[in-house]
Amino acid sequence: MRLTQNDTPLLDTLLKHAQNRVTSFHTPGHKNGAGILSKLRNFTKRNVYYLDVTVFPEVDSLHDPVSCIKSAQELAAKAYGSKNAFFLVNGSTVGNIAMLMSACDPGDSVILSRTCHKSVLAGIIVSGVWPIWVQPKVDQERDVIYEISSEEVEHYIKNYPEAKAVFLTSPNYNGICTDLIKIQEICRKYNKILLVDEAHGPHLKFHKDLPVSAAEVNADMFVHSMHKVLSALSQGSILHFNSDKIDIARVRRVVSMLQTTSPNYFILASIDAARMQVVKYGAKVFDKIIKYCEQARNEINRLHNIFCLTRGEIKSKYYDLDLTKLTINVTKTGLTGYKVEEILASEYKIQVDCADMFNLVAITGYGTSKEDIEKLVEAIVDISKKYSGEYETWKLKLPPLATEVVMLPRDAFFSMNVKRVPLSKAVGCISAQTLTPYPPGLPILTPGERITKDAVEYLQELTSYTVRVSGQESDNLKTVKVIK
Ligand SMILES: Cc1ncc(COP(=O)(O)O)c(C=O)c1O
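Attention in this report is confined to the structure presented alongside it. Just so it is clear, the structure is predicted and the values come from calculations on it, not from any experiment. (Residues numbered from 1 in each chain as written. Predicted model: local features only at pLDDT ≥ 70, side-chain atom pairs only at ≥ 80, totals over all residues. Heavy atoms only, no water.)

### Overview of the pattern of salt bridges
Following the criterion strictly, the structure yields 23 salt bridges and no others. Between Asp320 and Arg311 there is a salt bridge, with its nearest N and O atoms 2.9 Å apart. Overall, the relative accessible area of 12% leaves Asp320 in the buried class. Glu347 is the salt-bridge partner of Lys386, the closest N and O atoms lying 3.8 Å from each other. (Salt bridge = Lys/Arg side-chain N within 4 Å of Asp/Glu carboxyl O. Buried < 20%, exposed > 50% of the residue type's maximum accessible area, 1.4 Å probe, protein only.)

### Some remarks on the nonpolar core
Side chains of a nonpolar character, in soluble globular proteins, are inclined to be buried together. Counting 82 residues, the largest nonpolar core has Phe87, Ile111, Ile328, Leu344, Leu360 and Ile380 as its most contacted members. Element by element, the count of residues in this core is highest for helix H9 (residues 265-300), at 13 residues. Each residue touching Phe87, except ones within four places of it in the same chain, is listed here: Leu10, Leu62, Ala72, Gln73, Ala76, Ser237, Ile238, Gln259, Leu268, Ile271 and Asp272. Residues Met101, Ala165, Phe167 and Leu195 belong to the second largest nonpolar core, which totals 32 residues. (Core = buried A, V, L, I, M, F, W, Y, C linked by side-chain atoms within 4.5 Å. Helix = DSSP H or I, 4+ residues; strand = E, 2+ residues; numbered from the N terminus. Contact = heavy atoms within 4.5 Å.)

### Let's talk about the sheet that holds strand S2 (residues 109-113)
Taken together, the 7 strands give an open sheet; going across it, the order is S1-S10-S9-S8-S6-S2-S3, and neighbouring strands pair in mixed fashion. This sheet does not close on itself; its edge strands, each paired only once, are strand S1 (84-88) and strand S3 (130-134). Pairs of neighbouring strands in the sheet enclose a mean axial angle of 20°, with direction left out of account. Summarising the sheet, strand S9 (residues 221-225) and strand S10 (residues 237-241) pair through 5 bridges and their orientation is antiparallel. The residue bridging Val223 from the neighbouring strand is Leu239, located in S10. (Pairing = 2+ DSSP bridges. Axes fitted to C-alpha atoms, helices over the stretch in contact; angles between N-to-C directions.)

As structure tokens, then:
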């Protein structure tokens, strides 16, 4: 029987199996929920555990799919116009690592921005490639950071003709999307592979008012977190393959190598369901969400001390904004984004996706209702009335980041030939670690690069602010790990 986008072959198979109430002599050990702690089971009830099965012929195998998983992946590929789709159960994290390991040989180089997610740096390390880092642009007025523009992509390709691939993150956390149409044109012109971390953009293709997606420009490979905006359960992602420059057999091997042999079928089935929903109902659902978000933006932007990022501020030849994301700048309340996040959670029972010193990012998604958005706006209006203090003068900024990568990040990361030196003495040394201050959440040091005076001064300055530095291996930032 020929399947259509209305079908959910994996979900249907799993539900049928669960309804059959089969006695389990397979993993997991909870045996259809019988062994689950009652405190937990009383809350969830029993049904859900019948979906937690292992690999057997009826439910197919993620590593060697021949029936319902194969069909579900084929439908997902068709939905996004790719040649192959791979369901992932450890999120887009695995997808990013897999893209780099599939597209590049050790020793190849890749153009990418420091704005990338930490999983991309992990991919750089394990795949043994040279990063060609692009300095990100900071918008100090709006306290947001931009991905590489098409102009920069061309500039870097001309300056580093040996680069094998361009790796982009679009949309970023704030929903800012780079011009993928132009970038794909450039990549084709110079015969470069285009890889896109589109973790935040599995919905883009399905609404005409949303920015152009990697799927629509036929990027060589791209990854979607189906759980971030759509209805899949956390960890449910899809890696798409669309390339005539990358070996599909290698992609299969790499993806299989990085995934568990005990995938959670509930997650897998939810990816199948999320794909069906977005194809069938996405245009209608996101029509409403975009409308509610635009109303929210308008209401918030009438306030004197809280602002919401608009498409008008972002849209240009190079960038566009995903209208389903609300980036709310609270600097003029006298509070940090972190503090407002805490107030929203404790006083209004609203949890946003993330916050930094300046902004909150409220992500809407397939399940967001009009009432949810109204509740958020009411809370923001309330907070705006209550707080209007002195505001933070600290500005989002970045030092000129090192571009001199003198050792493969893989070799520096795994090296045993390391020592700790005082930060003040680190200039000129080769970093053996990553240091990422939040905000802005960009690595200031990465393994293998020569540490600059600018980076040291920036890190020293941070110690006088309440900035969390991820990667530091002691309580304060007094020393840094370098190659001996
Ligand atoms: C831009 C970006 N890429 C990749 C990831 C990783 O995705 P996942 O959480 O699905 O592993 C994230 C997670 O927040 C992200 O923000």
